[in-house]
Each structure stands twice: as structure tokens, then as C-alpha cells.
Amino acid sequence: MRAGQLARVARAALTVAAAVLVGGMSAGPAAAAGLATGLERVPKPILRGNFADPAVERLGSGYVGFATGERSPRAWTRSPNGTWRRNGPALVRLPDWSRAGDVWAADVQRINGWWLLYYSAPVRGLGPYGRCIGVARSRSALRGFTPLGDAPLVCPSYAGQVPTAQDPLIPRDYTLPRAGVIDPSVHRGADGPVLLYKTDRIPSSIRMVPLNAAGTRVRRGEVSVELLRNAGVIENPLLLARPEGWVLLLSEGDFTRCTYRTLWLRSTSLTDWSAAVSGVLLDRAGTGLCGPGGADLAGRRIFLHGWICHGKAAPCRAGFDWSKRERQRAERALYGARLRWTDGVPSVGPWLSP
């Protein structure tokens, strides 16, 4: 899809997306079918300790996962139901355009024999938490990933202390905060890979830009467009192609609370979500978990994080207070489950056991 075509559909999407998302989610007629049910047993984490915003991919007969933290912590398992083992940080170093700080919510893809890690790293000029998106690569998922390029893939043009990004979000939208971009997520389709990401703070927006065939650069001549906007927080986009249409999985709300949840939207158009149906995939009521979010899909399995407290495998209580997380020994642990589909509506279960 070329720049002109994307720009035309973006203008329509910007106007009508509010009907779907601004001010919070509006559940479609099939919403109830997306709720997880049966709380006879609350799921147990398959990896305890902090492993937030997991990005998971198949590795042989097992899986490898990457998480939020210092240079993107990593873990893997030899078999679908095996024990997860930690493997140290993925990035050999932060890119030259970054400053010191944790990497947030990476995504991983395997393209043309390379493992590619898309990550959001802290930068100067965007406040204490502002981040921009880069890409790193490795020949092995369990070896070090080296950052590519002298500039970010995506970074707002107003981040003056950062080299000009391939996607500088021009023209600038003055209705969005000066807060950077996070939560990269790559979808590989028939027309090549596309990168989705979130503009940080509120209002939130989800944007998309095509990448080259190797997945290492923004495609020449392309510009990003906004797909969705929300007056609150929507993040962690995951785009799926289904026979019934395009599906987006999104986290919604405050990640520090048990009310953080995972939503689904389905649209027949990739760039116009005005007629999307939507529902709740994962929340406290349906799973018993505290803040189930940051979801990623590897094959037919979904992986996500949830808060556990007091050094136990049990979810934090509904009134979990993030400001007291150190005293409560709160961590975002890793969970996994089968993702099922019924008439284009996703549901979760059974859950993986540790």
C-alpha cells in the first residue's frame, strides 16, 4: 500500500475510529462469546518472576520469549509444555541513539533466516519515560541481538536529540502528547511485513507503517497512518488475519491495576475500523488473574502477563496497590493458554500448567 493510498484511508479512519474506541471500548454483539469462563481453577503462571509484555515465538519444538526490562530479558523452553528457563538479556547493547534505561514491550520475528527483535528504548528529549522504536537482529534466538542502523525505525520528529527516524510521524499531530512511541508489533502478510505501534500517554493511538521485505527498514516512500485512537489507554497491538476479517488484540487500561485487560476487535477493512465488532478476551472476572495483558500469539497459543504477589503463584488481590509493589513482592508473571476461534471470535482455554 503506497503513501497516497494510506493517507486517504487514514483520514477516514481518524474520523470514524472514535465511534469504536474513544472513551473506552464498546462491546459488539458477539462480545460475550469472547469471555473466558469456568473459574473452578485460577490459572498458574508458567514462569514466575518479572516477565512482562511477553513476545513469544516458536523455537524448534518449544518457544522463546522476550520481555520488558534491561536489554529485553529472555526465556525459553524445549517443548510446548516444558519448563521455562531464563537466558539473560537479548540485546548485546542499547543503540547509539538511546540513553540508559529499560527496553519496553519488544516483538520478535524470524525473517529470511534472521531473528529480528523490535523494541522501544529510552531517548533524550522526550521526558523521563519517552521512547523510540528500533530493530536488532541475530542468527540465533538465544544469542545476542545487535541493533541495526544509526537512527530509530520510528521516533517523533520533535525528539530533537535523536537522529531523524525512518518514520518521524510527520505531519505532527498536536492533539497527541509529546511522549514518544512504544509497543512495536510486526504482522507478516501477503504484501510484506507491517509495523504497528502505540503513541504513548493519553489519548492513545495505534499506528501502522509498512516495512521492507527483510523487516529491517520502513519501506521506501511509505508513511505511517493512525488506525485507532482512545481517550484512555490502549496498547500492545497484535494484528491477526482471519477468514472473517482482520483482528486486533489490544491491552486496555492502567497496567498497574488488576482491571488491566485484553480486548479484541474485528474489521473487514485493515484501515477502517468504524464498523468493527469487539469484546473482552481476558479480564479479572473471566480469568481470576490480576491485570491479564500484554498478549502475544505463537502458533495456536497465547502468552500474557499478570500480577502475582507475596512470592506466591496466586494473583494479587483485586485492590492491588502498585505503589506498595516492593513490600507486596509484586511481579508480572508469564501465563500461557490455547487460543480458540468460533465464528471469528477468540476465546481462551485450556491454560498451560507450570
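The structure we're discussing is the one just above.
The paragraphs below set out a description of the structure included in this document. (Residues numbered from 1 in each chain as written. Predicted model: local features only at pLDDT ≥ 70, side-chain atom pairs only at ≥ 80, totals over all residues. Heavy atoms only, no water.)

The subject of this paragraph is the nonpolar core. Counting residues in each nonpolar core, the largest one holds 25 residues, and the members touching the most others are Phe66, Leu91, Trp97, Leu117, Tyr119 and Phe145. Those elements that provide at least two residues to this core are strand E2 (62–66), strand E5 (104–111), strand E6 (114–122) and strand E7 (131–138). In terms of residue count, the dominant contributor to this core is E6 (four residues). With residues up to four places along the chain from it excluded, the contact list for Leu91 reads Arg71, Val103, Leu117, Tyr119, Ala136 and Phe145. Counting residues in each nonpolar core, the second largest holds 20 residues, with Leu240, Leu249, Ile302 and Val345 among its members. (Core = buried A, V, L, I, M, F, W, Y, C linked by side-chain atoms within 4.5 Å. Buried < 20%, exposed > 50% of the residue type's maximum accessible area, 1.4 Å probe, protein only. Helix = DSSP H or I, 4+ residues; strand = E, 2+ residues; numbered from the N terminus. Contact = heavy atoms within 4.5 Å.)

That bond from Ile202 to Pro203 is cis: its omega, 0°, falls within 30 degrees of zero. If you trace the backbone, Pro203 turns up in the loop between strand E10 (192–199) and strand E11 (204–210). Omega for the peptide link from Gly349 to Pro350 comes to 0°, which places this bond in the cis form. The residue Pro350 is located in strand E20 (residues 345–351) in this model. Positive phi, normally seen in glycine, also occurs at Asn236, with a value near 50°. Its place among the elements puts Asn236 in strand E13 (residues 234–242). Judged by relative accessible area, Asn236 falls into the buried class, the value being 10%. Even without a glycine there, the phi angle at Arg329 is positive, about 50°. Mapped onto the elements, Arg329 comes out in the loop between strand E18 (301–308) and strand E19 (331–342). For Arg329, a relative accessible area of 52% gives the class exposed.

All right, on to the packing of aromatic side chains then. If you walk through the whole model with that rule in mind, you get seven aromatic pairs. Ring centres of Trp97 and Tyr119 lie 6.4 Å apart, and the angle between their planes is 5°; this geometry places the pair in the stacked category. Of the two residues, Trp97 is situated in the loop between strand E4 (85–89) and E5 and Tyr119 in strand E6; the sequence distance between them amounts to 22 residues. Taken as a pair, Trp97 and Tyr119 share a single burial class, namely buried. Through successive ring pairs, a cluster of aromatic residues spans Tyr63, Trp84 and Phe303. The lysine or arginine in question, Arg325, covers the ring of Trp322, its NZ or CZ lying 3.7 Å from the ring centre. (Phe/Tyr/Trp six-rings, centres within 6.5 Å; stacked < 30°, edge-to-face > 60°. Lys NZ or Arg CZ within 6 Å of the ring centre and 35° of its normal.)

Moving on, we get to the side chain of Ser98. Within the fold, Ser98 resides in the loop between E4 and E5. The contact partners of Ser98, leaving out residues within four places of it in the chain, are Ala121, Pro122 and Arg124.

Turning next to the side chain of Arg332. Inspection of the secondary structure puts Arg332 in strand E19. No salt bridge is formed by the buried Arg332, whose closest oppositely charged neighbour, Asp53, lies at an N-O distance of 4.1 Å. When sequence neighbours within four positions are dropped, the list of residues in contact with Arg332 reads Gly49, Asn50, Phe51, Ala52, Asp53, Phe255, His305, Gly306 and Trp307. (Lys, Arg positive; Asp, Glu negative; His and termini not counted. Salt bridge = Lys/Arg side-chain N within 4 Å of Asp/Glu carboxyl O.)

Time to look at the sheet that holds E2. Reading across from one edge, E1-E2-E3-E4 is the order of the four strands in this open sheet, with antiparallel pairing throughout. What marks the edges here is a single partner per strand, and that holds for strand E1 (55–59) and E4. Sheet twist, expressed as the average angle between the axes of neighbouring strands with direction ignored, equals 25°. One ladder, built from four bridges, connects E2 with strand E3 (residues 73–77); its direction is antiparallel. Counted as the bridge partner of Phe66 is Arg74 from E3. (Pairing = 2+ DSSP bridges. Axes fitted to C-alpha atoms, helices over the stretch in contact; angles between N-to-C directions.)

Enumeration according to the criterion identifies eight salt bridges in this entry. Residues Asp173 and Arg229 are paired through a salt bridge, measuring 2.5 Å at the closest nitrogen-oxygen approach. Taken as a pair, Asp173 in the loop between strand E8 (146–147) and strand E9 (181–189) and Arg229 in strand E12 (residues 225–230) lie far apart in primary sequence, 56 residues in all. Note that Asp200 is salt-bridged to Lys198, the shortest N-O span being 3.4 Å. Asp200 gets classed as buried once you look at its relative accessible area, which sits at 8%.

Another point: the environment of Ser251. Counting through the fold element by element, Ser251 comes out in strand E14 (residues 245–252). With relative accessibility at 1%, the residue Ser251 sits in the buried group. Residues Ser251 and Pro292 lie 41 residues apart in sequence; the distance between their C-alpha atoms is 8.4 Å. Each residue touching Ser251, except ones within four places of it in the same chain, is listed here: Val233, Ile234, Glu235, Asn236, Tyr260, Arg261, Thr262, Gly293, Gly294 and Ala295. From its side chain, Ser251 meets the backbone nitrogen of Gly294 in a polar contact 2.9 Å long. (Polar contact = N/O pair within 3.5 Å; in protein donor to acceptor, adjacent residues only side chain to side chain.)

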